[in-house]
Amino acid sequence: MDKQQSLRRAKRLALLCLLFSVAVFIVTSLSPRVWWVDLLRAMAEAAMVGALADWFAVTALFRRVLLPHTAIIPRNKDRIADNLAVFVEEKFLSTQSLVELVRRHDPAQRLAGWLAAPETAQRLGAYMAQAVAGVLTLTDDRKIQGFVRDALRTALHKVDLSSSLATILDTLTQDGRHQQLLDRAIVQVVELLNREQTRAFIAESMVEWLKREYPKVEKVLPSNWIGEKSAETLADIIDKLLTGIAEDPQHSLRQAFDRQVAAFVTRLKEDEGLRERAEQIKRELLEGEAVSAYVAGLWNTLREWIRQDLAGEDSALRAKAAGATQWVGHALLEDAELRASFNRHLEQAIGTLSPEVARFLSKHISDTVKNWDAAELSRQIELNIGRDLQYIRINGTVVGGLIGALLFGASVLMQWLAGWPAL
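Residues numbered from 1 in each chain as written. Predicted model: local features only at pLDDT ≥ 70, side-chain atom pairs only at ≥ 80, totals over all residues. Heavy atoms only, no water.

Asks: I'm lost on the overall build of the protein in this one. Help?
Replies: Across its full length, the protein holds 19 helices and zero strands. A total of 423 residues make up the protein; the buried ones form 29% of that total. In the protein, 73% of the contacts between residues at least 6 apart in sequence involve partners at least 24 apart. (Helix = DSSP H or I, 4+ residues; strand = E, 2+ residues; numbered from the N terminus. Buried < 20%, exposed > 50% of the residue type's maximum accessible area, 1.4 Å probe, protein only. Contact = heavy atoms within 4.5 Å.)

Asks: What is the right way to look at a positive patch on the surface in this model?
Replies: Residues Arg8, Arg9, Arg12 and Arg387 make up a contiguous surface patch of positive charge. The dominant element in the positive patch, judged by the number of residues it contributes, is helix 1 (residues 2-30), at three residues. Mapped onto the elements of the fold, Arg9 is located in helix 1. (Patch = residues over 30% accessible without salt bridge, like charges linked within 9 Å, V, L, I, M, F, W, Y side chains within 5 Å. Areas by Shrake-Rupley, 256 points an atom, 1.4 Å probe, with all protein chains shown as cover. Salt bridge = Lys/Arg side-chain N within 4 Å of Asp/Glu carboxyl O. Lys, Arg positive; Asp, Glu negative; His and termini not counted. Charge placed at Lys NZ, Arg CZ, Asp CG, Glu CD.)

Asks: Could you clarify how one ought to interpret a nonpolar patch on the surface in this entry?
Replies: On the surface, Val34, Trp35, Trp36 and Leu40 cluster together into a nonpolar patch covering about 400 Å² of accessible area. Here Val34 is to be found in the loop between helix 1 and helix 2 (35-62). Judged by its relative accessible area of 34%, Val34 falls in the partly exposed class.

Asks: What is the right way to read the nonpolar core from this model?
Replies: In terms of nonpolar packing, the biggest core is built from seven residues, these being Val58, Phe62, Ile73, Ala81, Val369, Leu377 and Leu389. Looking at this core, the elements that each hand over two or more residues are helix 2 and helix 19 (374-417). Residues contacting Val58, with those up to four places away along its chain left out, are Leu389, Gln390 and Arg393. (Core = buried A, V, L, I, M, F, W, Y, C linked by side-chain atoms within 4.5 Å.)

So, in structure tokens, the structure goes:
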């Protein structure tokens, strides 16, 4: 509405200038002839010509007037659309101009400073949290569970349990790694046997066995003493055995362990019965409800934890997102080579993508303008630049009057030089 009112005021002012020139011309035409009256009439006459000529020129841009080649904008809408699209593509979207823009403004430096700012990190963290919360609200639990379940089943279906386990064991047996595992297991068992709780448990178990198997004999024997001694003796025997295995790399039990592991790996690779058993276990997993129940429970637990965390003021996810944002910003700020690499990759991306994007945008501009109504396009252009065009009319009136004065002066000079009476 402001533009429309401004345009109307400018049109009224231009019209008033024209009417003023007409009034001066009429008055001077009816007045007695003296030199200053003739000067004013000449100025008014030229001002009217200038005002009317510029009125025709401005009006012919937007509307059809009496003469041909008017209504320039409505009649040439499609050509204007194509030329505008080409202008934007060549001057604003060309690869060279975009690359120069990157080099001039150093977007990596600006991005780094923006990301490193604490308020930016907090704001981005809050936006990420809101986005995650929105996704959780909009998602269908059954579809997600079904997707995860199907993905898990597909992954399990592709796994050859027997071959995979054989490969794992092959890796573990390389360079005696399985013997290292055996050593660790021995250490753990020895430590367990040397604990008072373990020996007390063995002693209690021995006493319970005597009471159950030999109740009459147990009544006349020192059961507690027998249990303690039995536990101590058994623990010492096992301790000595395991210590001997641990201290002797060539112990017969170690060699037996090697043979058993090697035989088991061979069976996993070659035994069809064992392979079939592994496949049966996999089918039971895939066809049973265990996978569905596991996925449902896992998803429900994860979703509830995320919701509770995002609802709190001290959200760990929000803090992590903010921290990650600041970390990226500081990393860019502190590493000039990284910033240069970022800008180089951005320039390369522009070089690769900008021609296609420029063509797409220019075609979009051209098609959009072509689809506009010609009268509406003309009205919008006039609404936005018509006020300035009305000042062209006003200037034409003023300039015309000045030219009229110059022509009058030239005429008087020529008459004076020719010896004619000037007035």
